[in-house]
Amino acid sequence: MISIVYILMTKILMVCLGNICRSPLAEGILKSKLSPDMFVVDSAGTSNYHIGQFPDSRSIQIAKRHTIDISNQRGRQFKISDFDTYDVIYAMDTSNYQYLKGKARTNVDQNKIKLILTEMDNMPTRDVPDPYYSGVDGFLEVFEMLDVVCDNIAAKLLSNNT
Ligand code: 4NP
């Protein structure tokens, strides 16, 4: 049974292509900045490539270096009912944003979808780059971008919840 407390929690979903590199990091980073009593943070991929898999070992390592444990996450694919469950759905890049926009059933669904870097002023790019084919440096760059933008997102969420 779903509790009233769960219904009242703000629920945020992070979405990338594979759900093994960027969105697991975004989930772990935002979770580390928010109380689990008030916020649910989850992640998903638009593809079915990595369902049930651990996050990429490079994402696990870079998170661990920052004392964030994402090793308990498992890849899953975005599903339409996520529009009902989540209040805000953050796409990591324009391609995944367009995919989600194409799946939205209503204006309510449409309005839940945001490109994550638009939560941040002065970002030089609109997309969190896909680090899958890059080296460890690419993962560090992704971590640093997401850490900054998640600071902003957490501050906004907390100011709305007080
Ligand atoms: P992600 O990275 O979308 O940040 O999880 C990728 C992971 C896997 C693939 C592409 C991007 N792939 O093609 O398998």
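A. Inspection of the pattern of salt bridges at higher detail. For the structure shown, the criterion picks out eleven salt bridges. Across the pair K31 and E27 runs a salt bridge, and its minimum N-O distance is 2.6 Å. Separated by four residues within a single helix, K31 and E27 lie in helix α2 (residues 22-33), roughly one turn from each other. Measuring nitrogen to oxygen at the nearest pair gives 3.2 Å for the salt bridge that ties D42 to R76. In this pair, D42 sits in strand β2 (residues 39-45) while R76 sits in the loop between α3 (57-65) and α4 (82-85), placing the two residues 34 residues apart along the sequence. Through salt bridges with shared partners, a single network forms among D42, R76, K79 and D82.

B. The sheet that holds β2, seen in detail. On the basis of which strands lie adjacent, the open sheet formed by four strands has the order β2-β1-β3-β4 and parallel pairing. Edge positions in the open sheet fall to β2 and β4 (113-115), since each of these has one partner strand only. Across the sheet, the axes of successive neighbouring strands diverge by a mean angle of 25°, strand direction being ignored. As judged from the three bridges shared by strand β3 (residues 88-91) and β4, these two strands associate in the parallel manner. Residue pairing for β4: Y90 is matched across the bridge by K114. Relative to strand β1 (residues 10-16), α2 is tilted by about 155°, and along the sheet it contacts β1 and β2.

Quick notes on the rules
- Residues numbered from 1 in each chain as written.
- Predicted model: local features only at pLDDT ≥ 70, side-chain atom pairs only at ≥ 80, totals over all residues.
- Heavy atoms only, no water.
- Salt bridge = Lys/Arg side-chain N within 4 Å of Asp/Glu carboxyl O.
- Helix = DSSP H or I, 4+ residues; strand = E, 2+ residues; numbered from the N terminus.
- Pairing = 2+ DSSP bridges.
- Axes fitted to C-alpha atoms, helices over the stretch in contact; angles between N-to-C directions.
- Contact = heavy atoms within 4.5 Å.

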